[in-house]
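Structural description and commentary
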Amino acid sequence: MVMEGEGELLDLSHLSEAEQSSILEVLLRDSELRSRDDGRLRALQQKEADPVRLRSLSGAWFNEERSKRHRDTKNGVDIVQASIRRRKPRTDLPLSGVFNGQTEDAPPTNNKDPTCQINDKKDEDDKRSYRSQNRLTPTPRTRSPNTQSLQDSNSISSSDYYSRRNVHREETGEGTLQDSEDTNSVSSGVTDADPTPLRPGSSVSSLQSNYTLSGSMMSLFSSGEFGAVEVKGRVLFSLDYDTQREELQIRVCRCEDLAAARKNHSDPYVKAYLLPDKSSHSKKKTSVKKKTLSPVFDQTLKYKISVSEVRGRTLNLSVWHAAPLGRNLFLGEVELELAHWDWKHTCSDWYQLQPRVQCSPESISSRGNILLSIKFIPAGSEGGGLPLTGELHIWLREAQGLLSTKGGVVDSFIKSYVLPDTSRSSGQKTRVVKRSVSPTYNHTMVYDGFQPADLREACAELTVWHREGLKTHLLGGVRLSRGTGLSYGVAVCWMDSTEEEASVWNSMILNPNHWMDTTLPIRTNLADRPE
């Protein structure tokens, strides 16, 4: 039965296609069970002559009691079915639109400078419903702020996009050199579109990525003999992302001209990781092909991972010789940074296998990216004399591809200071986001007591920390300032902002009351400052 009145239909637009299909399957199965039960009742009525016993066996007593307490739900089932069948047709977006943040209802927008862009129409209430506050009372030439903070655990429900995001939490687990059985797919934020996507078909060992590594990223998390067998040959594979299933698909076709690990042959297989997650949840592998140097796999390795997570990952695809009684032997690898991948390209390409070049942790200049927005609100600019003093808002949205010292998922949080105030009372921090290499913080720090001239002498320091048990380890951070090396005429080490960081800060000063959005590398070369 389909309801004729459209006004009685339910708005199910918030449900995905898969969720609506699942609900419809349940309703159809329920209808089938009801039909079977009707047949059972008809047979029971023919066999049972005692009305009291018939009432008990048929369940009529239960239906009578239920009708006294609840309305008949049959019409409700019909309304849900009709609402699903009359739902708005889904518009499929190209992958380029999905990875650029385009939605079905919104037309493509022109790309703006990812370093900083002005969002004139963002709603103030979307930016902050809860906030942590610091009260700063600067004095001429020097700062001695009086700080009063709300609880650090207060987080923000900011924009519609971030409040509706499906944030996937990763499981813990440590990877090992020895291969084990495949585990379930990983589920693991959103970056601006890269203007120069990686061209498929090129041979890549270690790209100049966000981490700026001088060797293989995988070498940071593994040790052992990787030079026992000469690395040679190539691998044929393709990448695709299924937006309906939220699934990354790696089609491993075959290898060619591999090195011989044993007498003129190898027993090769292919293993994949989505770095920096080196846990067992990130590991996928093909079957082993016996006694061949040109194996044909034709297997698809699948990862359940959201669009927002993919661009923060690096694919490590390695080829190994399976040794049943000893350690498996490394035959070569390919690393691709997915943030630069051209997702329109889904054809298979050949990649030359590369040796694993050891990379020193000290050589890492960045341990991921941080997505944030900053805004300065001058005193009295909101009407009614509010705010009473100038306010600096720092909206910490998320981090992407956090690279820990051991690999795998990270329990992370962010600390903030507005220097030169280094007192304990002026420090703020986000909540700890557990077991994620791309955590969403969605937290706003608010500092007040500023005059516009103070911003030219101040520095917003944001540091990312990894909590491990009772200990915390600094991963890196950013410093937003003019980068002049001077504060109130005094030389200071913490005015060491990069050109990119200084550009964001200067744009905020020149554009008060506007959010400045940016994605910055979490750099490891922050100059040490006195506490």
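Cut-offs and rules
Residues numbered from 1 in each chain as written. Predicted model: local features only at pLDDT ≥ 70, side-chain atom pairs only at ≥ 80, totals over all residues. Heavy atoms only, no water. Helix = DSSP H or I, 4+ residues; strand = E, 2+ residues; numbered from the N terminus. Buried < 20%, exposed > 50% of the residue type's maximum accessible area, 1.4 Å probe, protein only. Areas by Shrake-Rupley, 256 points an atom, 1.4 Å probe, with all protein chains shown as cover. Phe/Tyr/Trp six-rings, centres within 6.5 Å; stacked < 30°, edge-to-face > 60°. Pairing = 2+ DSSP bridges. Axes fitted to C-alpha atoms, helices over the stretch in contact; angles between N-to-C directions. Core = buried A, V, L, I, M, F, W, Y, C linked by side-chain atoms within 4.5 Å. Contact = heavy atoms within 4.5 Å. Salt bridge = Lys/Arg side-chain N within 4 Å of Asp/Glu carboxyl O. Patch = residues over 30% accessible without salt bridge, like charges linked within 9 Å, V, L, I, M, F, W, Y side chains within 5 Å. Lys, Arg positive; Asp, Glu negative; His and termini not counted. Charge placed at Lys NZ, Arg CZ, Asp CG, Glu CD. Expected span 1.5 Å × (residues − 1). pLDDT = per-residue confidence, 0-100.

Going by an unreviewed UniProt entry, the protein carries the name Synaptotagmin-like protein 1 and comes from Oncorhynchus tshawytscha.

Details of the overall build of the protein
Assigned secondary structure in the protein consists of ten helices and 20 strands. The buried share among the 531 residues of the protein stands at 46%. When the accessible surface of the protein is split by element, carbon and sulfur atoms take 48% of a total near 26,700 Å².

Considering the packing of aromatic side chains
Applying the stated criterion across every chain yields a total of three aromatic pairs. Centre to centre, the rings of Phe237 and Tyr351 are 4.6 Å apart; their planes meet at 25 degrees, and the pair counts as stacked. A residue pair is termed long-range when its members are at least 10 positions apart, and Phe237 in strand β3 (residues 234–242) and Tyr351 in strand β10 (residues 349–352) qualify at 114 residues. For the pair Phe237 and Tyr351, one class covers both residues: buried. A ring pair is formed by Trp320 and Phe330, whose centres lie 5.5 Å apart and whose planes are at 75 degrees; its orientation type is edge-to-face.

Topic: the sheet that holds strand β4 (residues 247–256)
Spatial ordering of the open sheet is given by β7-β4-β3-β10, a layout of four strands whose pairing is antiparallel. Looking along the sheet, the strands with just one partner apiece sit at the ends: β7 (296–304) and β10. If you compare each strand with its neighbour and ignore which way they point, the axes differ by 30 degrees on average. Pairing analysis gives four bridges linking β3 to β10, with the strands arranged antiparallel. Counted as the bridge partner of Phe237 is Asp349 from β10.

Side note on the pairing of β4
Counting buried residues along β4, seven of its ten residues qualify, which places the element largely inside the surrounding structure. Both β3 and β4 contribute to a ladder of nine bridges, which runs antiparallel. Counted as the bridge partner of Leu239 is Ile250 from β4. In this structure, the hairpin formed by β3 and β4 is closed by a connection of four residues, where Glu246 is found at a positive phi of approximately 50 degrees. Bridge count between β4 and β7: seven bridges; the pairing is antiparallel.

Re the nonpolar core
The biggest cluster of nonpolar side chains holds 33 residues, and the ones touching the most others in it are Phe237, Leu239, Leu248, Ile250, Leu315, Leu338 and Trp343. Where this core is concerned, the elements lending two or more residues are β3, β4, β5 (268–275), β7, α8 (307–310), β8 (314–321) and β9 (329–337). Sequence-distant contacts of Leu248, defined by excluding residues within four places in its chain, comprise Asp240, Tyr241, Leu274, Leu301, Lys302, Tyr303, Ile305, Leu338 and Trp343. In this structure, Ile370, Ile394, Phe450 and Leu480 belong to the second largest nonpolar core, which totals 32 residues.

Observations concerning unusual backbone geometry
With omega at 10 degrees, the peptide bond leading from Leu275 into Pro276 counts as cis. For Pro276, the location among the structural elements is in the loop between β5 and β6 (284–285). Here the amide bond leading from Leu386 into Pro387 is cis, since omega sits at -10 degrees, within 30 degrees of zero. Its location among the elements puts Pro387 in the loop between β11 (366–377) and β12 (390–400). In this structure, Asp257 takes a positive phi of about 60 degrees despite not being glycine. Structurally, Asp257 is set in the loop between β4 and β5. A relative accessible area of 45% means that Asp257 is categorised as partly exposed.

Things to note about the pattern of salt bridges
In this structure the tally under the stated criterion is 15 salt bridges. The partner of Asp257 in a salt bridge is Lys232, with the nearest N and O atoms 3.7 Å apart. On the criterion of sequence distance, the pair formed by Asp257 in the loop between β4 and β5 and Lys232 in the loop between α7 (160–164) and β3 is long-range, its members being 25 residues apart. Among the charged side chains, a network of salt bridges with common partners joins Glu461, Arg479, Asp496, Glu501, Arg523 and Arg529.

Let's talk about a positive patch on the surface
Side chains of Arg424, Lys429, Lys434, Arg435 and Arg467 sit close together on the surface and give a patch of like positive charge. Mapped onto the elements, Arg467 comes out in strand β16 (residues 459–468). When its relative accessible area of 31% is taken as the criterion, Arg467 is described as partly exposed.

Notes on helix α10 (residues 499–510)
Here α10 contains twelve residues, and its C-alpha end-to-end distance of 16 Å stays within 8% of the 16 Å for a straight helix at 1.5 Å per residue. Of all the positions in α10, only Glu501, Ala502, Val504, Trp505, Ser507, Met508 and Ile509 are classed as buried. Looking at the buried residues of α10, the elements they touch are β11, β12, α9 (452–455), β16, β17 (471–480) and β20 (515–523).

Observations regarding the sheet that holds β5
Pairing within the open sheet is antiparallel, and its four strands lie in the order β6-β5-β8-β9. Edge positions in the sheet fall to β6 and β9, since each has one partner strand and no second.

Comments concerning the confidence of the model for the protein
Predicted confidence across the protein gives a mean pLDDT of 74, with 66% of residues reaching 70 or more. Per-element averaging of pLDDT across the protein places α7 at the bottom with 33 and α10 at the top with 96. Across residues 103–196, confidence stays below pLDDT 50; counting only partners more than four residues off in sequence or on other chains, it has 249 contacts. Under a pLDDT of 50 for its full length, residues 201–212 has, in the predicted model, 41 contacts with residues more than four places off or in other chains.

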